[in-house]
Amino acid sequence: MADHRAGSTGRVVVLVLPEVNLLDLAGPVQVFDAATHLGGGYHVEHVADDDQVTTAHGVRLAGLGPLPEVGAGDLVLVPGPRLRTAPRDGAYVSGSVVGWLRAALRAGARLASVCTGAVALGEAGLLDGRRCTTHWSLIEAMRARYPAAKVQDAVLYVHDGQISTSAGVSAGIDLALSLVERDHGPALTAAVARELVVYLRRDGSGEQISQFLRHRTHLDSAVHRVQDHLAENVDAAHTLTELAEVANLSPRGLSRAFTAATGITPLEYRQRLRLERAVSLLRGTSLPIDAVAARCGFREERHFRRLFKARYGMPPSAFRHDTA
């Protein structure tokens, strides 16, 4: 499995299906828009089979672009539509959409569905052999209709190679934040989450709030600067003296302020960020364990393995196998 965080073009092509649910569409799009205003550099475009689509709530969306050619590093986002009990003509999406999605995957694009948008990927056969999820009420129906898909329940979202899927409605925001983090790292993602006044959550098999945000419910701007610096340079070596310079405090003053604001020391916070980054790499890439350790700032693989097992109860290789 390749590391699909690399090579993002910043282009987000939103496929607007008939009877799309407005929150499935607007929530993730607002995440990418906020990320753009904060320096993420996304370019969002809305496309459809027709230039006008009526949403599930009766709002007519006009001026939609035709299905475009997409390439490697582009992101195709599929917000969920309202599903009928029985699909029209035996399929939930048109043949042109099915062909376009298949071509997008072949071209190297990333595909992400929100809630019922997973059926578009399922109809195209793109979920076969992949872990995926959808709205809780559709889990069993998905398993029956797409038996080759590995449909997961009790998770907010799932990444499997080029394809990502999310659970219902608000989980699309969580998915979009996760994709932003893959592209730009935790600092920008946390800024987006703060801008939208939402929690940065993880999938159901991991911690529900990232370490970056878990310890940011304070108003100390000096500590915030250190936290941002650590998140943006998670693989770098840091001494307490260097971090104190970032905060414009003495080393002792930083230790006292950081512990008072977060409940842990700066170096313990750094370690938690590194281990959380390792979890993301183990789940989303096929990098060797020593490469994961290096990307997370651990100079010795043995030290990384020991700390990982102490925090998660198993070695990194077993963790990867269990979450595959």
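A quick note: this is a predicted structure, and the numbers were derived from the prediction, not measured.

1. Quick notes on the overall build of the chain
Part 1: Within the chain, the regular secondary structure consists of 14 helices and 10 strands.
Part 2: A compact globule built from 324 residues should have a C-alpha radius of gyration of about 20 Å, and the chain, at 21 Å, falls within 12% of that.
Part 3: For the C-alpha atoms alone, the extent of the chain along its principal axes is close to 70 × 40 × 35 Å.
Part 4: In the chain, which comprises 324 residues, the share counted as buried stands at 52%.
Part 5: Summed over all atoms, the accessible surface of the chain reaches about 14300 Å², with 52% contributed by carbon and sulfur.
Part 6: Charge-centre separation for the chain: the mean point of 36 positive side chains lies 6 Å from the mean point of 34 negative side chains.

2. Looking at the sheet that holds strand E1 (residues 11-15)
Part 1: Read across the open sheet, the six strands follow the order E2-E1-E5-E6-E10-E9; overall the sheet is mixed. Looking at strand neighbours, the two that pair on one side only are strand E2 (43-47) and strand E9 (157-160), the edges of this open sheet. For this sheet, the mean angle separating the axes of adjacent strands, direction not counted, is 15°.
Part 2: Along the sheet face, helix H5 (residues 171-184) touches strand E5 (75-78), strand E6 (110-113), E9 and strand E10 (163-166) and points at about 40° away from the line of E9.

3. Observations regarding empty space enclosed by the protein
Part 1: All told, the structure shown has one cavity of 30 Å³ or more when counted by the stated rule.
Part 2: In terms of lining, the largest cavity is formed by 11 residues, of which the most central are Arg110, Gly161, Ser164, Leu179 and Arg182.
Part 3: Along the lines of polarity and charge, the residues of the lining of the largest cavity split into four nonpolar, five polar and two charged.

4. Some details on the pattern of salt bridges
Part 1: Taken as a whole and judged by the stated rule, the model has 10 salt bridges.
Part 2: Note that Arg145 is salt-bridged to Glu123, the shortest N-O span being 2.7 Å. One end of the pair, Arg145, is in helix H4 (residues 139-145); the other, Glu123, is in helix H3 (residues 118-123), with 22 residues separating them in the sequence.
Part 3: Arg145 sits in the partly exposed class, given a relative accessible area of 35%.
Part 4: For Glu123, a relative accessible area of 16% translates into the label buried.
Part 5: For Asp153, the salt bridge goes to Arg143, with nearest N and O atoms at 3.7 Å. With Asp153 in the loop between strand E8 (150-151) and E9 and Arg143 in helix H4, the pair connects residues that are 10 residues apart, well separated along the chain.

5. Some details on the nonpolar core
Part 1: In this structure, Val12, Val14, Val16, Val31, Phe32, Leu77 and Val180 are the most contacted members of the largest nonpolar core, which totals 32 residues.
Part 2: Top element by residues in this core is H5. It accounts for seven residues.
Part 3: Among residues more than four places away in sequence, those in contact with Leu77 are Val12, Val13, Val14, Leu15, Pro28, Phe32, Ala112 and Val114.
Part 4: Of all hydrophobic cores here, the second largest spans 31 residues; its members include Val47, Val98, Ala118 and Met142.

6. Concerning the side chain of Ser113
Part 1: Mapped onto the secondary structure, Ser113 falls in strand E6.
Part 2: What Ser113 contacts, discounting residues up to four positions off in sequence, is Val78, Ala118, Leu121, Ser164, Thr165, Ser166 and Leu175.

7. What to know about the state of the cysteines
Part 1: Applying the stated rule across the entire model yields zero disulfides.
Part 2: In this structure Cys115 is not part of a disulfide, and its nearest cysteine sulfur, from Cys132, lies 13 Å away.
Part 3: Residue Cys115 is classed as buried on the basis of its relative accessible area, which comes to 3%.

8. What about the confidence of the model for the chain?
Part 1: Mean pLDDT for the chain: 88, with 90% of residues reaching 70 or above.
Part 2: Note that residues 1-6 has pLDDT below 50 and, in this model, 25 contacts with residues that lie over four places away or in other chains.
Part 3: The low-confidence segment residues 202-209, where pLDDT is below 50, has 27 contacts with residues more than four positions distant or belonging to other chains.

9. Some words on unusual backbone geometry
Part 1: A positive phi is found at Glu19, a non-glycine position, where the angle reads about 60°.
Part 2: As for its position among the elements, Glu19 is in the loop between E1 and helix H1 (22-37).
Part 3: Residues other than glycine seldom take positive phi values, yet Cys115 does so here, at roughly 55°.
Part 4: Tracing the sequence through the fold places Cys115 in the loop between E6 and H3.

10. Things to note about the packing of aromatic side chains
Part 1: Applying the stated criterion across every chain yields a total of seven aromatic pairs.
Part 2: A centroid spacing of 5.0 Å and a plane angle of 65° characterise the contact between Phe32 and Tyr42, whose relative ring orientation is edge-to-face. Taken together, the residues Phe32 in helix H1 and Tyr42 in the loop between H1 and E2 connect sequence positions 10 residues apart.
Part 3: When the centroid spacing of 5.3 Å and the interplanar angle of 80° are considered together, the rings of Phe308 and Phe319 count as edge-to-face. Of this pair, Phe308 sits in helix H13 (residues 301-312) while Phe319 is found in helix H14 (residues 316-322), placing the two residues 11 residues apart along the sequence. For the residue pair Phe308 and Phe319, the accessibility class agrees, reading buried in each case.
Part 4: Among the aromatic residues, those joined into a ring-pair cluster are Phe298, Phe304, Phe308, Tyr312 and Phe319.
Part 5: Looking at Arg311, its charged tip hangs above the ring of Tyr312, at a distance of 5.9 Å from the centre.

What counts and what doesn't
- Residue numbers run consecutively from 1 along every chain, following the written order of its sequence.
- Where totals are concerned, whole chains, interfaces and linings use all residues; where local detail is concerned, this predicted model gives features only for residues with pLDDT of at least 70, and gives and counts side-chain atom pairs only at 80 or more.
- Computation of side-chain values covers all heavy atoms of the structure but excludes hydrogens and water.
- The helix and strand labels rest on DSSP assignments: H or I over at least four residues marks a helix, E over at least two residues marks a strand, and numbering proceeds from the N terminus.
- We compute the radius of gyration over the C-alpha atoms and compare it with the globule rule, which gives 2.2 Å times the number of residues raised to the power 0.38.
- When a residue's accessible area, from a 1.4 Å probe over protein chains only, is under 20% of the maximum for its type it is buried; when over 50% it is exposed; and in between it is partly exposed.
- Here the open area of atoms and residues is found with the Shrake-Rupley method and a 1.4 Å probe, where only the protein chains shown may cover a residue.
- Positive charges come from Lys and Arg alone, negative charges from Asp and Glu alone, with His and the N- and C-terminal ends not counted.
- For the purpose of locating charges, the reference atoms are NZ of Lys, CZ of Arg, CG of Asp and CD of Glu.
- When DSSP locates at least two bridges between a pair of strands, those strands are taken to pair.
- Here an angle of 0 to 180 degrees is reported between the N-to-C directions of two axes, which are lines fitted to C-alpha atoms, with helices fitted over the stretch in contact.
- Whether two residues are in contact is decided by their heavy atoms, any of which lying within 4.5 Å being enough.
- Grid spacing is 1 Å over the protein atoms alone, the probe is 1.4 Å, and a cavity is where that probe fits but cannot get out, while a pocket is an open set with protein on both sides within 12 Å along at least five of seven lines and lining residues have an atom within 4 Å of a point.
- Grid points are joined across faces, edges and corners, and a volume is the space filled by probe spheres set on the points.
- Each residue receives one of three labels: charged for Asp, Glu, Lys and Arg, nonpolar for Ala, Val, Leu, Ile, Met, Phe, Trp, Tyr, Cys and Pro, and polar for the others, Gly being one of them.
- The rule for a salt bridge is simple: a side-chain nitrogen of Lys or Arg has to be within 4 Å of a carboxyl oxygen of Asp or Glu.
- Throughout this description, the term nonpolar core refers to a set of buried Ala, Val, Leu, Ile, Met, Phe, Trp, Tyr and Cys residues connected via side-chain atoms within 4.5 Å.
- A pair of sulfur atoms, both from cysteines and within 2.5 Å, is called a disulfide here.
- Every residue gets a pLDDT, meaning the predictor's confidence in that residue, from 0 to 100.
- When the centres of two rings from Phe, Tyr and Trp lie within 6.5 Å, Trp using its six-membered ring, the rings pair. Their planes under 30 degrees apart give stacked, over 60 give edge-to-face, and anything left gives tilted.
- A ring is scored as having a charge over it whenever the NZ atom of a lysine or the CZ atom of an arginine sits within 6 Å of its centre and within 35 degrees of its normal.

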